[in-house]
Amino acid sequence: MNSPNTDQHDRFLRLFMSQEESLWGYLRSLLFSADDVRDVMQDVAVVLWRKFDPGMSSEDFRRWAFGVARMEALAFRRDKARDRLSFGDRVYQLLADTAADDADESPAQLRALEVCLAKLPERQRQLIQAAYAPNVRIDEMAKATGRTPMSLYKALHRIRLALAACIERARVAEEHA
Amino acid sequence: MKFTIADDLIARCLDGRATHDDVRQLESQLEGDADFRRAWLRIARLDALLHRLGRSRGAALTAEPLGAVPLLEASSWQAGWRHAVGTRALLLMVGYAGLAIGIVFASVVWAVAPQRAAEYRRIDSDGFETGADPQVTGLPAKPGVWSGDQSELVRHDGSVAPRSGNRMLRFASGWYEGKPTQDGQSCDVLKLIDLRPYRHQIATGTWSLRITAFFNVSTGAIEGQEQCSVAGFVFDTATAISLASPVSLRDRSLAYACCQRIDLDEDADTWQQATTEFRLPAESAFLAVHCGVSEYSREADKPPKRFLGHYCDDVSVTLVRRPDVP
């Protein structure tokens with residue numbers, strides 16, 4: 001028989017993993033640096049675990065998790081990113097509400113992303129793979145490939161839009177399946 | 001796809017190029033338009049996921065032990081994601097006391113791990129899962145496509161099952177239309193890989209390239225002294241490849257390397273590994289990966305050989321940077 005702590009651990013993991021991608025996305029929508037997102041996400045996970053109530057329903061957990069993420073992002077902005085670009089409090093709340101409402105889409109989005117990446121032409125897949133590798137600077141990558149940074153940025157965003165459109169089609173198809 | 005002003009604004013914000021005015025403009029749209037909020041969240045979620053995939057892929061490859069069979073069998077981002085999931089699945093087994101720290105990110109673990117002896121970046125991995133048979137036209141005409149002698153993709157075939165996934169390549173015969181007949185005792189397939197996305201690394205002249213492939217033979221299919229091999233040839237332009245023939249590939253390349261031919265055994269349960277590694281010239285832009293099986297023969301002008309049950313699977317290409325010897 002599992003101990004209460006193990007049960008609590010398992011339940012937390014299940015709930016956390018069900019919301020994890022949405023939380024990442026929410027923080028990314030607020031913070032303009034991917035590194036900042038990682039820092040805040042670590043704090044969010046720690047707070048969620050420390051204050052986790054095993055009696056929570058999954059819906060309660062979801063709302064609570066986005067609230068914690070919002071508070072941690074605000075704290076980060078206050079303590080470490082005061083001089084950086086940032087949205088106002090109202091947008092933090094609006095995006096938290098929208099993200100919590102749409103959080104159920106995440107597992108479908110993940111599955112779809114796998115498929116959509118595989119459908120990309122080889123060159124586009126290589127480009128986005130190279131651009132999102134750790135510690136890559138787009139200006140250096142542009143220089144090395146003989147392109148202008150602007151053309152590379154545009155190419156990358158076109159690929160992102162293509163992936164987003166592909167994922168959306170998959171989501172709609174899954175809804176109607 | 002049309003590139004609208006809003007898309008441009010979103011791109012600047014995601015890519016860290018936003019100005020104060022950009023942020024105010026984005027904020028205004030987010031406050032007033034629920035559909036725009038939803039769209040912004042979706043693209044942000046996608047961007048976050050791409051960053052995480054890139055990071056998990058990088059972390060996994062950095063942690064690849066020197067000289068070991070790679071733990072991550074594919075360089076695709078799907079594989080990167082599976083690695084990330086695997087990391088979290090592993091976390092399910094750890095005690096809850098370490099959870100708050102351990103749960104968050106594998107990258108934290110990598111960051112405090114002892115420094116490795118070498119860096120690895122898997123740039124291509126092919127388990128022949130695409131379903132498209134290789135072309136039978138000699139040298140491949142474009143990157144990402146296998147071409148060469150007669151071969152096909154098969155599923156479980158006789159006594160041999162794919163090493164991974166659902167498909168593997170079966171070598172059929174040492175022949176394609178126009179092939180010099182003296183080469184008919186080997187069945188060779190090649191794939192071009194565009195190295196230009198890694199040019200900024202390769203230009204440092206400090207990276208090597210490692211190619212690994214696995215081979216197997218079904219029981220009773222070996223007729224003589226049969227061997228397998230892998231090789232790599234790098235070029236500075238695609239034109240150099242199109243001008244080459246299989247025979248002149250070596251002469252037209254900037255650099256090449258092949259492993260010592262390995263005698264095939266008839267143990268259908270085990271796959272034999274062939275690996276080669278060589279230092280990349282700084283100008284390298286394209287790579288031709290070669291995998292082949294052959295029968296040693298002293299006889300000249302034999303008809304092209306038919307291979308009865310010879311397979312290849314899991315061909316991977318990895319950039320390797322080894323530390324300088326002190």
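What comes next is a walk through the structure. Counting of residues starts from 1 at the beginning of each chain's written sequence and follows it residue by residue. Lettering for chains starts from A, numbering for ligands starts from 1, and both go in the order in which the items are written. Totals for whole chains, interfaces and linings use all residues, but because this is a predicted model, local features are given only for residues with pLDDT of at least 70 and pairs of side-chain atoms are given and counted only at 80 or more. Calculation of side-chain values draws on the structure's entire complement of heavy atoms; hydrogens and water are dropped beforehand.

With respect to unusual backbone geometry
Residues other than glycine predominantly adopt negative phi, and peptide bonds predominantly adopt the trans conformation. Residues and elements named next belong to chain B. Phi at Phe 128 is positive, roughly 60°, even though this residue is not glycine. The helix count covers DSSP runs of H or I at least four residues long, the strand count covers runs of E at least two residues long, and both are numbered beginning at the N terminus. Mapped onto the elements, Phe 128 comes out in the loop between β1 (119-126) and β2 (146-148). A relative accessible area of 2% places Phe 128 in the buried class. The backbone of Asp 314 shows a phi angle near 55°, a positive value even though the residue is not glycine. Between buried and exposed lies partly exposed: a residue is buried under 20% and exposed over 50% of the maximum accessible area for its type, with that area taken using a 1.4 Å probe on protein chains only. By relative accessible area, which is 4% here, Asp 314 ends up buried.

Notes on the packing of aromatic side chains
Each aromatic ring pair is summarised here by two numbers: the centre-to-centre distance and the angle between the ring planes. Geometry of aromatic contacts follows a simple scheme: Phe, Tyr and Trp rings, the Trp one being its six-membered ring, pair when their centres are within 6.5 Å, and the pair is stacked under 30 degrees between planes, edge-to-face over 60, tilted otherwise. Throughout the structure, instances matching the rule amount to eleven aromatic pairs over all chains. Judged by centre distance (6.0 Å) and plane angle (80°), the ring pair of Phe52(A) and Phe61(A) falls under edge-to-face. Look at Phe61(A) and you get buried, because its relative accessible area is 0%. Three or more aromatic residues link up through ring pairs in this structure, and these residues are Phe12(A), Phe16(A), Trp49(A), Phe52(A), Phe61(A) and Trp64(A). Sitting over the face of the ring of Phe307(B), Lys305(B) holds its NZ or CZ atom 5.1 Å from the ring centroid. For a Lys NZ or an Arg CZ to count as sitting over a ring, it must be within 6 Å of the ring centre and within 35 degrees of the ring normal.

Some remarks on the nonpolar core
Nonpolar core, defined: a set of buried Ala, Val, Leu, Ile, Met, Phe, Trp, Tyr and Cys residues in which side-chain atoms within 4.5 Å join the residues together. One finds Tyr26(A), Phe87(A), Leu163(A) and Trp40(B) to be the most contacted residues of the largest nonpolar core, which totals 74 residues. Segmentation into domains, and thus their bounds, comes from an automatic or database assignment. When we break this core down by domain, the ones giving at least three residues each are domain 1 (1-103) and domain 2 (120-177) of chain A. Ranked by size, the runner-up nonpolar core spans 39 residues in total, among them Cys187(B), Leu195(B), Ala221(B) and Ala257(B).

Describing helix α2 (residues 20-32) of chain B
Given 3.6 residues per helical turn, the α-helix brings residues three or four places apart onto the same face. All names here are of chain B. For α2, built from 13 residues, the straight-helix expectation of 18 Å at 1.5 Å per residue is met to within 8% by its first-to-last C-alpha distance of 19 Å. Inspection of α2 places Asp 22, Val 23, Leu 26, Glu 27 and Leu 30 among the buried residues, and these make up the whole buried set. End-on view of α2: buried residues confined to an arc of 130°, all on one side of the axis. Across α2 from its buried face, at more than 90 degrees, point the exposed residues Asp 21 and Gly 32. By definition here, a helix of n residues has an expected span of 1.5 Å times n minus one. Arc definition: it is the arc formed by the directions from the helix axis to the C-beta atoms.

Any link to function would need more than the numbers given here.
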